[in-house]
Amino acid sequence: MENIWILFVTAIFLSIIILFRNRFRLKSKDRHQLPSGTFGWPFIGETIEFVSCAYSDRPESFMDKRRHMYGKVFTSHIFGKPTIVSIDAEVSKFVLQSDARVFVPSYPKSLTELMGKSSILLINGSLQRRIHGLIGAFFKSQQLKDQITRDMQTYVQESMSNWKEDHPIYIQDETKNIAFQVLVKALISLDPGEEMEFLRKQFQEFISGLMSLPINIPGSRLYQSLQAKKKMVKLVQKTIQAKRASGISMVPNDVVDVLLNDANEKLTDDLIADNMIDMMIPGEDSVPVLMTLAIKYLSECPAALQQLTEENMKLKKLKEQLGEPLCWSDYLSLPFTQTVITETLRMGNIITGVMRKAVKDVAIKGNLIPKGWCVFAYFRSVHLDESNYDWPHQFNPWRWQDKDMSSCNFTPFGGGQRLCPGLDLARLETSIFLHHFVTQFRWVTEEDTIVHFPTVKMKRRMPIWIKRRGEP
Ligand code: HEM
């Protein structure tokens, strides 16, 4: 009798626990709601306000206004899609870390048309991971860093030796020219010359259609861009055929070699050629903008410029005494130069954020992101949030001294499976450029401002007047 009684009480006790747990679970699921916000006007949503803020000198003002009304995660309707905007570091991190079972990349239609279905920027799953891993490993390899350092030094010296003191130098153009040469060399081993110029011209034609209307008929912007891409792909295919004919080098010299050497049968010549052009999209503009912005911020912060110059002069003199050329580890070992680059990335927000589409209902931090909706993880607001960084609008490279970057909600290169594979390359190139620039020149800048949309750049291409050091 006593046993039955114990069993009875235990059963009731367990039932109460299960009931409570279920109630709690139900409640906690219910608690995930569509974030508050507005959809704006029919069809256009809030795109006009978003774009007009993006063109201003405070592009984050669109987010700031809504953050005060709705919090750090809110709904909106931009670029024709219902979108959940996140300026919450934790939610954005979750978006970046999720794989293709949860979120897939979402780009404007014109961009997806130009890139094609097999572009690394669009594909998901095992093929994306494979290509990403191969490229990332190659860009990290000592051999490529040695080669990039040698090439970059040559290109920088060639460019700088032509600079005249009685003409303004347009830093944005100069850095663009140098970075394009480095990129094309790393991708397909093409040296400066006629073919490089052809590629540069076609690439400009190609990217001018990235933000165009998605209408592909003869004469339209998109059509012309696609024609330009075809011409570029043909050139890359010629390179691939030449490599195949002469036997592919087992020690890869460029990204094409890396992909040709891989046994994966999905990596066809067409896919490789297409991807070489697509990889120029994230690589071509971002690095020169990083270099240009570093020069801009340094010009406005004499204390940082002085410390950076001293550090680089010291290295230059040491290497001259030793009679050794500079190698990549020399550049990356300059601690203050690295903090300048990090702070430029934080303030400059060259890639303001990433767009993803939810492939299923997603619940995160009390927010529901419905299947099919877009999420815009907007890094700029996180990087300029005073709860993350004191005086966030002040250029202060010293803030990074002895700081662990991984704990700062700092994602200029994204994160997770799509973390930028070119990040080491971008830092190395910028370090080399800064070294040669500050050790050879003094300069004064002309008035210029940053434009933030559709991509970050200087309005007047950053004109400066130089004086060679050591000259009166
Ligand atoms: C300052 C320079 C750069 C910045 C700020 C930058 C930023 C980024 C960001 C934020 C992403 C993530 C996009 C996403 O999650 O959807 C990304 C991806 C990527 N970046 Fe960079 N990038 C830079 C330079 C480069 C360079 C030099 C290359 C070399 C080719 C490159 C190649 C790529 C590629 C291929 C991806 C796509 C990776 C994937 O989806 O698997 N980037 N970059």
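- As recorded in an unreviewed UniProt entry, the protein goes by the name 22alpha-hydroxysteroid 23-monooxygenase, listed as coming from Quillaja saponaria.
- Quoted straight from UniProt, the Cofactor (unreviewed entry) entry for the protein says "heme".
- Turning to the protein, the UniProt record has this under Subcellular location (unreviewed entry): "Endoplasmic reticulum membrane".

1. Description of the overall build of the protein
Here's step 1: A tally of regular secondary structure across the protein gives 18 helices and twelve strands.
Here's step 2: With the C-alpha coordinates aligned to their principal axes, the bounding extent of the protein is approximately 100 × 55 × 55 Å.
Here's step 3: Considering only intrachain contacts with a sequence separation of at least 6, the fraction spanning at least 24 residues in the protein is 72%.

2. Description of the sheet that holds strand β3 (residues 103-105)
Here's step 1: The five strands are arranged β1-β2-β8-β5-β3 in an open sheet whose pairing can be described as mixed. At either end of the open sheet lies a strand with only one pairing partner, and these are β1 (73-78) and β3. Strand after strand, the sheet turns through a mean of 35 degrees between neighbouring axes, direction not considered.
Here's step 2: As judged from the four bridges shared by strand β2 (residues 81-86) and strand β8 (residues 374-378), these two strands associate in the parallel manner. Counted as the bridge partner of Ile84 is Val375 from β8.
Here's step 3: Sheet strands in contact with helix α4 (residues 89-97) are β1, β2, β3, β5 (353-358) and β8, and its direction is about 120 degrees off that of β8.

3. Some remarks on the pairing of β1
Here's step 1: Most of β1 sits out of view: six of its six residues are buried.
Here's step 2: Neither face of β1 is left uncovered, since the one carrying Val73, Thr75 and His77 and the one carrying Phe74, Ser76 and Ile78 both have all their residues buried.
Here's step 3: Connecting the antiparallel pair β1 and β2 is a turn made up of two residues, with Phe79 showing a positive phi of about 50 degrees.

4. Observations concerning the sheet that holds strand β12 (residues 463-468)
Here's step 1: Ordered in space as β4-β12-β9, the three strands form an open sheet in which the pairing is antiparallel. Every other strand in the sheet has two partners, leaving β4 (169-170) and β9 (441-445) as the edge strands with one partner each.

5. Examining the site of the ligand
Here's step 1: Near the ligand lie 23 residues; those nearest to it are Gly283, Ser286, Gly414, Cys420 and Gly422.
Here's step 2: Listing elements by their share of the shell around the ligand, those giving two or more residues are α6 (125-140), α12 (269-284), α13 (286-299) and α18 (423-440).
Here's step 3: Taken together, the residues of the shell around the ligand sort by class into 16 nonpolar, six polar and one charged.

So, how was this worked out
- Residues numbered from 1 in each chain as written.
- Predicted model: local features only at pLDDT ≥ 70, side-chain atom pairs only at ≥ 80, totals over all residues.
- UniProt positions renumbered as here; feature names shortened; annotations may be inferred.
- Helix = DSSP H or I, 4+ residues; strand = E, 2+ residues; numbered from the N terminus.
- Contact = placed C-beta atoms within 7 Å.
- Pairing = 2+ DSSP bridges.
- Axes fitted to C-alpha atoms, helices over the stretch in contact; angles between N-to-C directions.
- Buried ≥ 20, exposed ≤ 12 C-beta atoms within 10 Å, placed from the backbone.
- Near = placed C-beta within 6 Å.
- Nonpolar A, V, L, I, M, F, W, Y, C, P; charged D, E, K, R; others polar.

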